[in-house]
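Structural characterization, general
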Amino acid sequence: MRKAALVSGLIVLFALWVLLLPLADRSSFSVHMIAHMGVVAGAAPLIAIGLSGTRFDFSAGRRWLTPLTASLMELFAVWIWHIPVLRALSEASPFLAAFEQAVFLAAGLALWFSCLGGAATGREERRLAGTFGLLFTSMHMTLLGALLALSPRPLYGDGEVSCLGVTLSAAVDQQAGGVVMLLVGAAVYLAGGVALLARTLNAPLPER
């Protein structure tokens, strides 16, 4: 199970970083959002499931890396990279775009490792905190996705773009990207929070 999750996460990264981003129209905001959500809500949780509790789990031994601090780190990473000026710079520079993707992956892994991994002792408490961390992340993903989808004017460019072969205006492209964040990002984090809560509630009571 863990090995299959790790392999699946690496396959998702390969598909996004080697196939999608180099071949698609990088000026398309919806393409960017597909890649973004694929990294933080697809590859990151799968890789974290596969590596949690191993020597590659960098959340172990770092008491400051709690689900709440990791969620705040992801909020900062997500919102700052959607500032229009930074989006334009990322689209114009392959090196900055690669750095952006690395930041997304690091922030996603930090959050999912902090919720799923860490030291064996205290893992139940961390799992409960992870519920709130993932639900908070779902909330700010929903908020940003809604703001992007409902914006009265396009924030990223003003011409037509191509999203997976479909020509879209800048406004429709942005709306599509916002919907991707709403449907994928918010749903995955919400499902993760609910799953952690269910595991906590179903865990056997400690013997006295």
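Residues numbered from 1 in each chain as written. Predicted model: local features only at pLDDT ≥ 70, side-chain atom pairs only at ≥ 80, totals over all residues. Heavy atoms only, no water.

1. Looking at the packing of aromatic side chains
Taken as a whole and judged by the stated rule, the model has four aromatic pairs. Aromatic pair phenylalanine 29 and tyrosine 156: ring centres 4.5 Å apart, planes at 10°, arrangement stacked. Of the two residues, phenylalanine 29 is situated in helix H2 (residues 29–51) and tyrosine 156 in the loop between helix H6 (123–150) and strand E1 (161–163); the sequence distance between them amounts to 127 residues. The exposure classification of phenylalanine 29 matches that of tyrosine 156, with both residues buried. Ring geometry for tryptophan 81 and phenylalanine 99: centres 6.1 Å apart, planes at 65°, overall edge-to-face. Within this pair, whereas tryptophan 81 is found in the loop between helix H3 (67–80) and helix H4 (84–92), its partner phenylalanine 99 is found in helix H5 (residues 94–116), the two being separated by 18 residues in sequence. Given a relative accessible area of 7%, tryptophan 81 falls into the buried group. (Phe/Tyr/Trp six-rings, centres within 6.5 Å; stacked < 30°, edge-to-face > 60°. Helix = DSSP H or I, 4+ residues; strand = E, 2+ residues; numbered from the N terminus. Buried < 20%, exposed > 50% of the residue type's maximum accessible area, 1.4 Å probe, protein only.)

2. Some thoughts on the pattern of salt bridges
A side chain of one charge can pair with a side chain of the opposite charge when the charged atoms of the two come close. For the structure shown, the criterion picks out two salt bridges. Taking the shortest distance from any N to any O, the salt bridge between arginine 87 and glutamate 91 comes out at 3.9 Å. Of the two residues, arginine 87 and glutamate 91 both sit in helix H4, four residues apart, roughly one turn of that helix. On the basis of relative accessibility, which here comes to 3%, the residue arginine 87 falls in the buried class. Through salt bridges that share partners, Arg87, Glu91 and Glu100 make up one connected network. (Salt bridge = Lys/Arg side-chain N within 4 Å of Asp/Glu carboxyl O.)

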